[in-house]
Amino acid sequence: MSCWQTLQDYAFRSLGYGERLLPRGEYTLCDQFVLIGSGMIWNIYFGTLAVLTGFLFANLLAVGKLSKNPLARKPAEWFIFLFRGSPLFIQFFFAYFLFLNLKSVSPIFDPLSAAWLGALIVLFLNTSAYSAEIFHGALLSIPRGDMEAADAYGFSGWNKFRKITWPTMLRLAWPAYTNEAIFLFHATTLVYFSGFPAWRQQGDALYYARYFADKTFNPFIPYPILAFYFILLTLAIVGIFGAVNRYLNRHLPQNTKRKIRLRPNLIR
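J.: What am I meant to see in the nonpolar core here?
T.: If you look at soluble globular proteins, the nonpolar side chains tend to sit buried side by side. Ranked by internal contacts, the top residues of the largest apolar core, which has 66 residues, are Ile36, Phe46, Phe92, Leu123, Phe135, Val191 and Phe196. Put simply, the parts of the chain that give this core at least two residues each are helix H2 (29–66), helix H3 (70–85), helix H4 (88–105), helix H5 (115–140), helix H7 (157–187), helix H8 (205–216) and helix H9 (222–248). Residues in contact with valine 191, not counting those within four places in the same chain, are Phe46, Phe92, Ala115, Ala119, Leu123 and Phe196.

J.: Would you mind showing me how to read H9 here?
T.: Every α-helical turn comprises 3.6 residues, leaving residues that sit three or four positions apart pointing alike. Under the 1.5 Å per step criterion, the end-to-end length of H9 is 39 Å for 27 residues, consistent within 8% with the ideal 39 Å. Turning to H9, its buried residues are Pro222, Ile225, Leu226, Phe230, Leu233, Thr234, Ile237, Phe241, Gly242, Asn245 and Leu248. Elements that come into contact with the buried residues of H9 comprise H2, H7 and H8.

J.: Would you take a moment to explain the packing of helix H1 (residues 3–10) against H2 for this structure?
T.: When two helices pack together, their arrangement is given by the angle between their axes and by how far apart the axes lie. In contact at an axis separation of 9 Å, H1 and H2 are set at 25 degrees when each is read in the N-to-C sense. The pairing of H1 with H2 is recorded here as roughly parallel in orientation. The handedness of the crossing between H1 and H2 is right-handed. Here Cys3, Thr6, Leu7 and Tyr10 of H1 come into contact with H2, specifically with Cys30, Asp31, Val34, Leu35 and Ser38. Residue composition of the contact of H1 with H2, by class: 6 nonpolar, 2 polar and 1 charged.

J.: In this structure, what is going on with H8? I would like to understand it.
T.: Look at H8: 17 Å from first C-alpha to last across 12 residues, which is about the 16 Å you get at 1.5 Å a residue. Burial in H8 covers these residues: Ala205, Leu206, Tyr208, Ala209, Tyr211, Phe212 and Ala213. The elements touched by buried residues of H8 are H2 and H9. Positioned one or two residues after H8, phenylalanine 217 has a phi angle of 55 degrees, which is positive.

Rules used throughout
- Residues numbered from 1 in each chain as written.
- Predicted model: local features only at pLDDT ≥ 70, side-chain atom pairs only at ≥ 80, totals over all residues.
- Heavy atoms only, no water.
- Core = buried A, V, L, I, M, F, W, Y, C linked by side-chain atoms within 4.5 Å.
- Buried < 20%, exposed > 50% of the residue type's maximum accessible area, 1.4 Å probe, protein only.
- Helix = DSSP H or I, 4+ residues; strand = E, 2+ residues; numbered from the N terminus.
- Contact = heavy atoms within 4.5 Å.
- Expected span 1.5 Å × (residues − 1).
- Axes fitted to C-alpha atoms, helices over the stretch in contact; angles between N-to-C directions.
- Parallel < 35°, antiparallel > 145°, perpendicular 65-115°, else oblique.
- Left-handed = near helix turned anticlockwise from the far one by under 90°.
- Nonpolar A, V, L, I, M, F, W, Y, C, P; charged D, E, K, R; others polar.

What follows is the structure, given as structure tokens:
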């Protein structure tokens, strides 16, 4: 089979299109690149939606944690503590167990036991907690002079938060938030490695890398391919978030702009 034929047969196999059976017998380098690349579609799906939805929820949590009202502050504090204090792998495990029990209660909960929704919810909650702590720290770091200047110009309430507090918070938090987004995309490899099963062998990039490693007894080909894809994905994330960072700091002199530095978290 030519590499072009392999691409046609397996490029979208992780989504259920193309050949249903995985290749057997002789596993070419093209087979591994195409199938692992096909699995990356799921990693991008999980990471993108979790980052977008988690960003909004994290802002609410950060504001809630800073609130003087205990009815808003305490739930935010405990939520952040719960999801930052437990490993993501364990969160996947317990979430899948919970979703299976809910599935037995009513058919309306059936989608929760599928990775496309259940795992996405776990990633959304996890990144919301970590991002909220980053944004909360940025809120505490806003220079007092900025707030005094806002008061002097007559800003108050929602108008002050929207035009002064929130943009300044984003500018201060964005480099650290970029690293959180990178780590979240890397953490998507835990989805099918933990409790959520792959339906009809339609898994993510790590799922296919493990398949080839098990079949060939040689992990030194599929896993470097997996790393290569994630390096490309990381470069894309750094480029996109870097463009946003430049936009947030567009009003500052060039020598005072906060630059994004890649600082991956080895242990979470």
